Amino acid sequence: MLLARPSRRGFRVVDAFSRIIRLGEGVSQTGRLSDAAMRRTIDALKVCAAKLARHDVARVRCVATEACRIASNGRDFLRRVESEVGLKLEVLDRETEANLAVSGCASLIDYRAEYVLVFDIGGGSSELIWLELSRSGRDGADADGGRRLNIKPRIGAWTSLPVGVVTLAERFGGHHVTPESFEEMVTYVSGFVRSFEALHGYRTRANGDNLHLLGTSGTVTTVAGIHLGLKRYDRARVDGCWLALKEIQSVTAELISCSYEDRVAQPCIGHERADLVLAGCAILEAILRMWPAERLRVADRGLREGILATLMSEDGVYRVGRRRRRQRSG
């Protein structure tokens, strides 16, 4: 959950809340949301509802994604949420989810590139969005690769892979991962990635320094935190940082060599993510093998920020990068 007020530079966060609830746990096997997962989710949503009431929020958009899209009892669960919590959730379609994720992290795009692959590794699915920046768009970048106001990237292709960290860990196991089982995960995900590439052919067009990746998910923020040697996760240091391909692969190799207990003890992973992190790394590795970019930018932002920006734009109060000119006296 993210609460914010409009500000001169976009918006200012008032309150935020995050909890790993694994709503999609077991859905790939049973086709249904489990009672335990639904209870965990309702408990977390009650915290959100209390915060919304306390801050007297004017505009709200509550969304559900892959778990509720595919579970046979997903709609029944949302009706239960409305009855027990008082929040009405909408199920986002995959295209809307992808567009909102792009909107939320667009400020981190390096506009000196020709192509940007934005990806969001989720629990039940993973979104991949290719952005194409026109030549005029690159000419419109500032010295640091930032966007000028008249430049807008074009979505060239997108897909929602039917695999995420929860579903992949359930399929291959997440507690005790060997180099062999990790490679099996990468191979499995690569099948979906190859199908997407075969349709759109970005591998030959987007390579080397005309491409960069922009990752928005717990996987990439965790990898960044470990690479930076953080003793405690620090969003200010992670959000917007750059990782080289060899740095990502070094962290992945380190995690594969660790025991489950070692991963639990890692401050940027902890007990909640210890059985999921290598599944996320396998999805990331499949992406890197198909499109071996020299650099990846990490975004600790995405869907929530995209929703906020959309709501504020609809109200006419969201202005990215604009400053009011001061009136000169006389």
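Parameters at a glance
Residues numbered from 1 in each chain as written. Predicted model: local features only at pLDDT ≥ 70, side-chain atom pairs only at ≥ 80, totals over all residues. Heavy atoms only, no water. Helix = DSSP H or I, 4+ residues; strand = E, 2+ residues; numbered from the N terminus. Buried < 20%, exposed > 50% of the residue type's maximum accessible area, 1.4 Å probe, protein only. Contact = heavy atoms within 4.5 Å. Core = buried A, V, L, I, M, F, W, Y, C linked by side-chain atoms within 4.5 Å. Pairing = 2+ DSSP bridges. Axes fitted to C-alpha atoms, helices over the stretch in contact; angles between N-to-C directions. Salt bridge = Lys/Arg side-chain N within 4 Å of Asp/Glu carboxyl O. pLDDT = per-residue confidence, 0-100.

**Details of the overall build of the chain**
Next up, step 1: Of the regular secondary structure elements, the chain holds 16 helices and 10 strands.
Next up, step 2: In terms of principal-axis extent, the alpha carbons of the chain reach across some 70 × 50 × 40 Å.
Next up, step 3: Per-residue burial for the chain yields a buried fraction of 51% across its 330 residues.
Next up, step 4: Taking contacts inside the chain between residues at least 6 apart in sequence as the whole, the part at least 24 apart equals 77%.

**Considering the nonpolar core**
Next up, step 1: If you look at the biggest cluster of nonpolar residues, it comprises 56 residues, and the most contacted ones within it are Phe119, Trp130, Phe182, Leu213 and Trp291.
Next up, step 2: No other element matches helix 15 (residues 277-290), which puts 11 residues into this core.
Next up, step 3: With sequence-adjacent residues up to four places away left out, Trp130 is seen in contact with Tyr115, Val116, Leu117, Arg154, Ile155, Gly156, Ala157, Phe196, Tyr202, Ala206, Leu211 and Trp291.
Next up, step 4: Among the nonpolar cores identified, the runner-up in size contains 27 residues, and Ile21, Ile42, Leu78 and Val85 belong to it.

**Re the pairing of strand 5 (residues 115-121)**
Next up, step 1: Across the 7 residues that make up strand 5, a large majority, 7, are buried.
Next up, step 2: Here strand 5 shows two buried faces, one formed by Tyr115, Leu117, Phe119 and Ile121 and the other by Val116, Val118 and Asp120.
Next up, step 3: Pairing geometry for strand 5 and strand 6 (residues 126-132), over 7 bridges, is antiparallel. Pairing of Val118 across the sheet is with Ile129, part of strand 6.
Next up, step 4: Hairpin connection between strand 5 and strand 6: a loop of 4 residues separates the two successive antiparallel strands.
Next up, step 5: Bridging between strand 5 and strand 8 (residues 211-215) involves 5 bridges; their strand directions are parallel. Each residue of the ladder has a partner; that of Leu117, found in strand 8, is Leu213.

**Observations concerning the sheet that holds strand 9 (residues 242-244)**
Strands belonging to one sheet form pairs held by backbone hydrogen bonds; the direction of such a pair is parallel or antiparallel.
Next up, step 1: Spatially, 7-6-5-8-10-9 is the arrangement adopted by the 6 strands of the open sheet, whose pairing is mixed. Pairing within the sheet leaves two strands with one partner each, and these edge strands are strand 7 (154-161) and strand 9. Neighbour-to-neighbour, the strand axes of this sheet turn through a mean angle of 20°, independent of strand direction.
Next up, step 2: Sheet analysis places strand 6 next to strand 7, joined by 7 bridges and oriented antiparallel. Residue pairing in the sheet places Glu132 in a bridge with Arg154 of strand 7.
Next up, step 3: In the packing of helix 8 (residues 179-200) onto the sheet, the strands contacted are strand 6 and strand 7, and the crossing angle to strand 7 comes to about 150°.
Next up, step 4: Sitting on the sheet, helix 12 (residues 245-257) touches strand 9 and strand 10 (295-298), and the angle it makes with strand 9 is about 80°.

**Focus: the pattern of salt bridges**
Next up, step 1: All chains considered together, the criterion is met by 23 salt bridges.
Next up, step 2: In this structure, Glu82 and Lys88 form a salt bridge, with 3.8 Å as the shortest nitrogen-oxygen distance.
Next up, step 3: Overall, the relative accessible area of 37% leaves Glu82 in the partly exposed class.
Next up, step 4: Taking the relative accessible area as the measure of exposure, Lys88 reaches 61% and is therefore exposed.
Next up, step 5: Ionic pairing is found between Asp239 and Arg301, a salt bridge with its closest N-O pair at 2.5 Å. In this pair, Asp239 is assigned in the loop between helix 11 (235-238) and strand 9 and Arg301 in the loop between strand 10 and helix 16 (303-314), connecting sequence segments 62 residues apart.

**Some points on the confidence of the model for the chain**
Next up, step 1: Scored by pLDDT, the chain has a mean of 88; 90% of the residues are at 70 or more.
Next up, step 2: Here residues 321-330 is a poorly scored stretch, pLDDT under 50, and it has 6 contacts once near neighbours within four places are set aside; other chains count.

**Structural notes on the pairing of strand 1 (residues 2-7)**
The side chains of a regular strand alternate between the sheet's two faces.
Next up, step 1: Where strand 1 meets strand 2 (residues 10-16), 6 bridges bridge the pair, whose relative direction is antiparallel. Each bridged residue has a counterpart across the sheet, and for Arg5 the counterpart in strand 2 is Arg12.
Next up, step 2: Taken together, strand 1 and the strand that follows it, strand 2, pair antiparallel across an intervening segment of 2 residues.

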